[in-house]
Number of protein chains: 2
Amino acid sequence: MNASRTARERARAELTREIKEEARRQLAEQGAQKLSLRAVARELGMVSSALYRYYPSRDDLLTALIIDAYDALGETAEAAAAAAEEPRARWRALCHAVRGWAVAHPHEYALIYGSPVPGYQAPRATIEPAGRVALALAGVVRDASPPDTGDELPEGLAAQAGQVAAAAGLDMPLTVLVRALVAWTQLFGMIGFELFGHLVGSADPADEFFGFTVERMADFIGLPALPASRTVR
Amino acid sequence: MNASRTARERARAELTREIKEEARRQLAEQGAQKLSLRAVARELGMVSSALYRYYPSRDDLLTALIIDAYDALGETAEAAAAAAEEPRARWRALCHAVRGWAVAHPHEYALIYGSPVPGYQAPRATIEPAGRVALALAGVVRDASPPDTGDELPEGLAAQAGQVAAAAGLDMPLTVLVRALVAWTQLFGMIGFELFGHLVGSADPADEFFGFTVERMADFIGLPALPASRTVR
DNA sequence: CGAGTATAGAGAGCACCGCTCTTGACAGTG
DNA sequence: CACTGTCAAGAGCGGTGCTCTCTATACTCG
């Protein structure tokens, strides 16, 4: 009886996965706007209404894709950070990994870091995976334990940074944490600009510009320069 | 006969304007995705097919709105830069003006700096207005004539910067120009993160964070600190 | 001034969309 | 075997962008 029940559930899990796969395919081909339940169903050889047994609405399907994207990007970032030793090398690896993922999955990147889908409110479930990259970034900085930068932090900003540090268990100078926050927005700003074509007239292709900026961000945070081989990359 | 001809054309221009106005209203209320030709026509008391005499497609209407948005933001930026004297004050004013416009017109901002509409290719006509903000930014930096930062620029990046400088008539050290480019992406990255809710768990409200970052960017580029009153803002 | 023409909006219609409700088939259970 | 819960299917609703045809009207010119 347990086996039979599992059989049904297996079929269900299988189809759920296939739906998501097909949806991701369409997402990659034509973007989130054009993602249509009917088209997904058509491609899967089923009728549109049947899809609603798996995802109660188009937005719910989108949410599933969003969570998957956050998780995939987060995992990429964590793996890159774990693969290097030196703080600056880890920083570089992480930044380039994030960019690499974004370039490889532009539509999924746009889904999570582009303009939010109007009327769509990101559910609670997306918050945790959304924080993974930022956490990985902050972790790299913390492990490098750079010195206090001496910035004068406005009261409210210091309080916000304190809360972040407490919530994430990040034991580091608040000035460094705030600078890491700045670098965080810089990283995604640059990637977004590249992906969305705003660099076309200036720094496109953006490889060298990206590499340059990553180094300046590392300087900005106070990560030590690499000891031996000083590949500027 | 010229007057009569003008009469017809006037009516046409009037309606064109009204269509754009109504479209902008809907854009501001519900975002680009929900912008519907039928709804615009309904609100204007005409039939949907009649709209096609004014804009051949929904995308063309969107293009008109995009150009308007770029122009509005560019004008805001230019005005802010012109209203101050000291380089750092001009820099501050410009950055805060851009952010202010973005916060006041989130959907229009998302339209131009969010994920591009899939399948939609920005026509040539958008390029020039799109560059206005960047040009205003670069102008402020050039007028401050900060010294060469001494960065080692990779070959390709230096070439790209040289082309930009030549095309825009910006006579300044390439290292400074590249750093201004970095700050440019930083500025929009931060604004985008704030608008799209990515700062919610960390630096939200973002006023102080934004102010802090603007100052660090000014430092980064090499803009001199304000002489007398050193309001950190 | 009157005939002809260009331009305007109206309306029907096509193919698609998200989503709902009902119906009939089927598997698993007592 | 009868029952129950799950599933896909189908029809249908109101909406979308867009096209086509038709008619009324404003303008132009002989």
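Residues numbered from 1 in each chain as written. Chains lettered and ligands numbered in written order. Predicted model: local features only at pLDDT ≥ 70, side-chain atom pairs only at ≥ 80, totals over all residues. Heavy atoms only, no water.

Undergrad: Any details on the pattern of salt bridges? Residues and values, ideally.
TA: Counting across every chain of the model gives 32 salt bridges over all chains. Residue D68 of chain A pairs with K20 of chain A through a salt bridge whose shortest N-O separation is 3.2 Å. Linking D68 of chain A in helix α4 (residues 58-82) with K20 of chain A in helix α1 (residues 2-30), this pair joins segments that are 48 residues apart in sequence. Residue classification places D68 of chain A among the partly exposed positions, given a relative accessible area of 23%. Note that E14 of chain B is salt-bridged to R17 of chain B, the shortest N-O span being 3.4 Å. Of this pair, E14 of chain B and R17 of chain B both sit in helix α1 (residues 2-30), separated by three residues, roughly a single helical turn. Three or more residues are tied together by salt bridges with common partners; here these are R88, R92, E215, R216 and D219 of chain A. (Salt bridge = Lys/Arg side-chain N within 4 Å of Asp/Glu carboxyl O. Helix = DSSP H or I, 4+ residues; strand = E, 2+ residues; numbered from the N terminus. Buried < 20%, exposed > 50% of the residue type's maximum accessible area, 1.4 Å probe, protein only.)

Undergrad: I'd like a rundown of unusual backbone geometry, residues and numbers included.
TA: All names here are of chain A. With omega at 0 degrees, the peptide bond leading from D204 into P205 counts as cis. Structurally, the position occupied by P205 is in the loop between α9 (174-195) and α10 (207-221). For S145, which is not glycine, the phi dihedral falls at a positive 35 degrees. Considering the arrangement of structural elements, one finds S145 in the loop between α7 (127-144) and α8 (155-168).

Undergrad: Before we move on, could you go through the interface of chain A and chain B and cite the residues and values that matter?
TA: If you look at the interface, chain A gives 46 residues, while chain B gives 47 residues. The largest contributions to the chain A side of the interface with chain B come from Q33, F193 and F212 of chain A, which together make up 15% of the buried area. The interface formed by chain A and chain B contains zero salt bridges. The interface formed by chain A and chain B includes eleven residue pairs in polar contact (both at pLDDT 80 or more). Listed by contribution, the elements that provide at least two residues to the side of chain A that touches chain B are α6 (106-113), α8, α9 and α10 of chain A. Take the side of chain A that touches chain B: its biggest share by element is eleven residues, from α9 of chain A. Grouping the constituent residues of the side of chain A that touches chain B by class yields 25 nonpolar, 14 polar and seven charged. (Contact = heavy atoms within 4.5 Å. Buried area = accessible area lost by both parts, 1.4 Å probe. Polar contact = N/O pair within 3.5 Å; in protein donor to acceptor, adjacent residues only side chain to side chain. Nonpolar A, V, L, I, M, F, W, Y, C, P; charged D, E, K, R; others polar.)

Undergrad: So, the protein's contact with DNA strand C: which residues are in play, and what are the values?
TA: As a structural note, the neighbourhood of DNA strand C is formed by 22 residues, with S36, R38, R42 and R58 of chain A together with R53 of chain B the closest of them. For DNA strand C, the backbone portion of the atoms within 4 Å of the protein, that is sugar and phosphate, comes to 52%. Backbone polar atom of L35 of chain A to a phosphate oxygen of DNA strand C: 3.4 Å apart, as the coordinates give it. Looking at the surface near DNA strand C, the elements with two or more residues in it are α2 (37-44) and α3 (48-51) of chain A together with α1 and α3 (48-51) of chain B. The residue makeup of the surface near DNA strand C, split by class, is nine nonpolar, six polar and seven charged. (Near = heavy atom within 4 Å.)

Undergrad: Explain helix α5 (residues 87-104) of chain B to me, and be specific about the residues and the numbers.
TA: Taking 1.5 Å of rise per residue, 18 residues should cover 26 Å, and α5 of chain B covers 25 Å from first to last C-alpha, within 8% of that figure. Extensive coverage of α5 of chain B is indicated by the burial of 13 of its 18 residues. (Expected span 1.5 Å × (residues − 1).)

Undergrad: Can you break down the relation of the copies chain A and chain B residue by residue, with the values?
TA: Between the two copies, chain A and chain B, the superposition gives an RMSD of 0.2 Å; the rotation angle is 180 degrees and the shift along the axis is 0.1 Å. With respect to symmetry, the two chain copies, as superposed, fit the operation of a two-fold axis. The position closest to the rotation axis in chain A is occupied by the C-alpha of G189 of chain A, lying 1.7 Å away. (Least-squares fit on C-alpha atoms with pLDDT ≥ 70 in both.)

Undergrad: Give me the lowdown on the packing of aromatic side chains, citing residues and values where you can.
TA: All names here are of chain A. A full pass over the atoms with the stated rule returns 14 aromatic pairs over all chains. For the ring pair Y109 and F188, a centre distance of 6.4 Å and an interplane angle of 10 degrees mean the geometry is stacked. Residue Y109 is found in helix α6, and its partner F188 is found in helix α9; the two are separated by 79 residues along the sequence. Classification of Y109 as buried rests on a relative accessible area of 1%. (Phe/Tyr/Trp six-rings, centres within 6.5 Å; stacked < 30°, edge-to-face > 60°.)

Undergrad: So what's going on with helix α2 (residues 37-44) of chain B? Residues and values would help.
TA: Every buried residue belonging to α2 of chain B is among L37, A39, V40 and A41 of chain B, and all of these are buried. Positive phi appears at G45 of chain B, one or two residues downstream of α2 of chain B, with a value of about 75 degrees.

Undergrad: Describe the domain arrangement of chain A, and please don't skip the residues or the numbers.
TA: Residues and elements named next belong to chain A. With domains assigned, chain A is organised as domain 1 (1-56) and domain 2 (66-221). Computed from C-alpha atoms alone, the centre-to-centre distance between domain 1 and domain 2 is 32 Å. In this complex, domain 1 contributes seven residues to the contact, which on the side of domain 2 involves four residues. Taken together, the two surfaces of domain 1 and domain 2 that pack against each other cover about 480 Å², and 62% of this comes from carbon and sulfur. The largest share of the area that domain 1 buries against domain 2 comes from R24, L27 and A28, three residues that together contribute 67% of it. The salt bridge involving R24 is made with D68; its shortest N-O contact spans 3.1 Å. Across the side of domain 1 that touches domain 2, the residue classes break down as three nonpolar, two polar and two charged. (Domains from an automatic or database assignment.)

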